[in-house]
Amino acid sequence: MFKQVELSYAYDALEPHIDALTMETHYSKHHAAYTNNLNAAVEKAGVADKDIVSLLGSLDSISDEALRGAIRNNGGGYYNHNLYFAGLSPNGGGQPDGELAAAIEKDLGGFDAFKDAFGKLGIGRFGSGWAWLSANKEGKLQVSSSPNQDNPIIEGSDYVPILGLDVWEHAYYLKYKNLRADYIQAFYDVVDWKFVAENYKNVKNG
Ligand SMILES: [Fe+2]
């Protein structure tokens, strides 16, 4: 049974960057629905015993097309939102330090260049989707974007997301309306770089 990551902060804790009603709706309606739909689909498909990463990395093994689609969309939604919500903090913002900062410098040309590239991927993603900062086992970083609820794992990459930016309208429309770029700017003010650095370490040593 898949469970939503527990929030370590209140819905209104990210104000004014991300508003309380957006957080509440996003977490208790959208993310809850992805999670419930995923649980129903894996039960039907007989793959309820798999962990989420192996499930998303082996979608081709699910022969029923409708169930495969449901698990792709809702499993992606489940995984992506767990990463998104855990990557935010009222004490977030600023810049990473240590080995993550060094890798951003080496692979992405520094923090400002990373922000620019990552933000452009989020703004440029037509319709709904995600921007990702991902790492591989060698500790190399890359930025990318995916449509819908896809992610690098579903796409068959050997890179694992360590930070996810949700650019679906449900993530920002109540406060920012059509101004996705303003939401992305605000997102940087609440990114929990300690969490991202921990993810980086785990992918690198995994
Ligand atoms: Fe979302």
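Residues numbered from 1 in each chain as written. Predicted model: local features only at pLDDT ≥ 70, side-chain atom pairs only at ≥ 80, totals over all residues. Heavy atoms only, no water.

## Some thoughts on the sheet that holds strand β2 (residues 141–147)
- Overall, antiparallel pairing links the three strands, which are arranged β2-β1-β3 in an open sheet. Only two strands of the sheet have a single neighbouring strand rather than two, namely β2 and β3 (160–166). For this sheet, the mean inter-axis angle between neighbouring strands, taken without regard to orientation, is 25°.
- With six bridges connecting them, strand β1 (residues 129–135) and β3 associate as antiparallel partners. Looking across to β3, one finds that Trp 130 is bridged to Asp 166.
- Across the sheet, helix α3 (residues 65–86) touches β1 and β3, and the angle it forms with β3 is around 80°. (Pairing = 2+ DSSP bridges. Helix = DSSP H or I, 4+ residues; strand = E, 2+ residues; numbered from the N terminus. Axes fitted to C-alpha atoms, helices over the stretch in contact; angles between N-to-C directions. Contact = heavy atoms within 4.5 Å.)

## Digging into the domain arrangement of the chain
- For the chain, the domain assignment lists domain 1 (19–86) and domain 2 (98–205).
- On a C-alpha basis, the centres of domain 1 and domain 2 stand 19 Å from each other.
- Taken together, the contacts link 20 residues of domain 1 with 25 residues of domain 2.
- Buried surface at the junction of domain 1 and domain 2, both sides included, amounts to about 1,800 Å², of which 61% is carbon and sulfur.
- Counting the surface domain 1 buries against domain 2, the share from its top three residues, Asn 80, Leu 83 and Tyr 84, is 32%.
- Counting across the interface, domain 1 meets domain 2 through one salt bridge.
- Residue Arg 72 pairs with Asp 150 through a salt bridge whose shortest N-O separation is 2.9 Å.
- The tally of links between domain 1 and domain 2 comes to 10 residue pairs in polar contact (both at pLDDT 80 or more).
- Mapped onto the side of domain 1 that touches domain 2, the elements with two or more residues apiece are α1 (20–45), α2 (52–57) and α3.
- Element by element, the count of residues in the side of domain 1 that touches domain 2 is highest for α3, at 10 residues.
- A breakdown of the residues in the side of domain 1 that touches domain 2 according to their chemical character gives nine nonpolar, nine polar and two charged. (Domains from an automatic or database assignment. Buried area = accessible area lost by both parts, 1.4 Å probe. Salt bridge = Lys/Arg side-chain N within 4 Å of Asp/Glu carboxyl O. Polar contact = N/O pair within 3.5 Å; in protein donor to acceptor, adjacent residues only side chain to side chain. Nonpolar A, V, L, I, M, F, W, Y, C, P; charged D, E, K, R; others polar.)

## As for the packing of helix α4 (residues 98–108) against helix α8 (residues 193–205)
- With their axes 9 Å apart at the nearest point, α4 and α8 run at an angle of 80° to one another. Of the possible angle classes, the one that applies to α4 and α8 is roughly perpendicular. Of the residues in α8, those in contact with Glu 99, Leu 100 and Ala 103 of α4 are Trp 193, Val 196, Ala 197, Tyr 200, Lys 201 and Lys 204.
- Within the contact of α4 with α8, the residues separate by chemical class into six nonpolar, no polar and three charged. (Parallel < 35°, antiparallel > 145°, perpendicular 65-115°, else oblique.)

## Re the pairing of β2
- Relative to β2, β1 runs antiparallel, the two being bridged by seven bridges. Bridge assignment links Ala 135 to a residue of β2, and that residue is Leu 141.
- Linking β1 back to β2 in an antiparallel pair, the connection comprises five residues, with Gly 139 at a positive phi of about 85°.

## Some remarks on the coordination of the iron ion
- The protein atoms that coordinate the iron ion are His 26 (NE2), His 81 (NE2), Asp 166 (OD) and His 170 (NE2), at distances spanning 1.9 to 2.1 Å.
- Note that the iron ion binds four donor atoms; their angles at the metal cover 90 to 133°, and the shape is tetrahedral.
- Read from N- to C-terminus, the donor residues coordinating the iron ion fall into the pattern H-x54-H-x84-D-x3-H. Of this pair, His 81 sits in helix α3 while His 170 is found in the loop between β3 and α6 (173–176), placing the two residues 89 residues apart along the sequence. (Donors = N, O, S within 2.8 Å, 3.2 Å for Na, K, Ca; no water. Tetrahedral: all angles 85-135°; square planar, octahedral: opposite > 155°, others 65-115°.)

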